[in-house]
Amino acid sequence: MSENLLSQYSTLVNDFSALSKSIAAGDLSKVTKAGEWPAASVVHHMADSESYFLTRYFNALVENRPTIHPFDEDLFPVSLKYAERDPQKSIAFIKASSAILVDVLQSVPQESWNRISIHPESGEMKVSDILAKAISHTNAHAGQLKEIKAAL
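Fair warning: this is a prediction, and the values are worked out from it, not measured in the lab. What you see as residue numbers is a count from 1 along each chain, following the sequence as written. Side-chain atom pairs in this predicted model are given and counted only at pLDDT of 80 or more, local residue features only at pLDDT of at least 70, and totals for whole chains, interfaces and linings cover all residues. Side-chain measures here rest on the full set of heavy atoms in the structure, leaving out hydrogens and waters.

## Quick look at the overall build of the protein chain
In step 1: Helix and strand definitions follow DSSP, with helices as H or I runs of at least four residues and strands as E runs of at least two, each counted in order from the N terminus. For the protein chain, the helix and strand inventory stands at 5 helices and 2 strands.
In step 2: Across the protein chain, helices and strands are ordered from the amino to the carboxyl terminus as α-α-α-α-β-β-α.
In step 3: Relative to its length of 152 residues, the protein chain is compact, with a C-alpha radius of gyration of 16 Å against a globular reference of 15 Å.
In step 4: Taking the principal axes of the C-alpha coordinates as reference, the protein chain spans close to 45 × 30 × 20 Å.
In step 5: When the 152 residues of the protein chain are sorted by exposure, 44% land in the buried category.
In step 6: Contact criterion: two residues are considered in contact whenever any of their non-hydrogen atoms come within 4.5 Å of each other. In the protein chain, 77% of the contacts between residues at least 6 apart in sequence involve partners at least 24 apart.
In step 7: Per-residue accessibility takes into account occlusion by the displayed protein chains alone, with areas from the Shrake-Rupley method and a 1.4 Å probe. As presented, the protein chain carries roughly 8100 Å² of accessible surface, and 51% of it is formed by carbon and sulfur atoms. A radius of gyration in this sense is built from C-alpha atoms; the matching globule rule multiplies 2.2 Å by the number of residues raised to 0.38. The buried label applies to any residue whose accessible area, calculated with a 1.4 Å probe on protein chains only, is under 20% of its type's maximum; exposed applies above 50%, and partly exposed to all values in between.

Here's what the structure looks like:
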């Protein structure tokens, strides 16, 4: 199961990065639907989320039953200055952090995938559960990015 999850994750992140790069630089900041994020904000959000997820994996692998700190994605755009950031740097971060994660998770013993973290709302989560959640999160935002690209 862990190899399958890791393969799904790697493929999805590569696809997300390629999709991000396929949007013209001049179009990344365009809002295509009122109340929705532009593509650049989706990219920045994914980079910031990858940072949170990477910390979750590493904490789970080195600490005993660490607490997972949830994040409120609605606070990210203003607090983390999405409008002022370079989307290409966020894409590079996504690629780099995912490559590091794949390296780490490929090298840990199989039983490490069952190490437990505690989420305040979801309860116990294994490393494999955290990765499955990240896959779902990336897939959702890839869909969002596809809709934005189609509307440009």
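Next comes the rest of the write-up.
## A short note on the nonpolar core
In step 1: In plain words, nonpolar cores are sets of buried Ala, Val, Leu, Ile, Met, Phe, Trp, Tyr and Cys residues tied together by side-chain atoms within 4.5 Å. Counting 38 residues, the largest nonpolar core has Phe-16, Tyr-57, Leu-105, Trp-113 and Leu-131 as its most contacted members.
In step 2: Listing elements by their share of this core, those giving two or more residues are α1 (2–21), α2 (39–62), α4 (87–107) and α5 (127–151).
In step 3: Counting residues per element, this core draws most heavily on α2, at 11 residues.
In step 4: What Trp-113 contacts, discounting residues up to four positions off in sequence, is Ser-2, Leu-5, Leu-6, Leu-105, Val-108, Lys-126, Val-127, Ser-128 and Leu-131.

## A few points about the packing of α1 against α2
In step 1: With axes taken as lines fitted to C-alpha atoms, and helix axes fitted only over the stretch in contact, angles between N-to-C directions fall between 0 and 180 degrees. Packing of α1 against α2 brings their axes to within 11 Å, and their N-to-C directions diverge by 150°. One finds that α1 runs roughly antiparallel with respect to α2. For the pair α1 and α2, the sense of crossing is left-handed. Residue-level contacts link Tyr-9, Phe-16 and Ser-20 of α1 to Val-42, Val-43, Met-46 and Glu-50 of α2.
In step 2: A class-by-class count of the residues in the contact of α1 with α2 yields 5 nonpolar, 1 polar and 1 charged. Roughly parallel refers to an angle under 35 degrees, roughly antiparallel to one over 145, roughly perpendicular to one between 65 and 115, and oblique to any angle outside these ranges. Two helices crossing with the near one rotated counterclockwise from the far one by less than a right angle form a left-handed crossing, whereas a clockwise rotation gives a right-handed crossing. Put simply, Ala, Val, Leu, Ile, Met, Phe, Trp, Tyr, Cys and Pro go in the nonpolar bin, Asp, Glu, Lys and Arg in the charged bin, and everything else, Gly too, in the polar bin.

## Structural notes on the pairing of strand β2 (residues 123–126)
In step 1: DSSP-based pairing: two strands are paired if at least 2 bridges between them are found. Note: strand β1 (residues 116–119) against β2, 4 bridges, orientation antiparallel. The partner of Ile-116 across the bridge, within β2, is Lys-126.
In step 2: Linking β1 back to β2 in an antiparallel pair, the connection comprises 3 residues.

## Thoughts on the side chain of Thr-138
In step 1: Structurally, Thr-138 can be placed in helix α5.
In step 2: Setting aside residues up to four positions removed in sequence, Thr-138 forms contacts with Leu-12, Phe-16, Met-46 and Glu-50.

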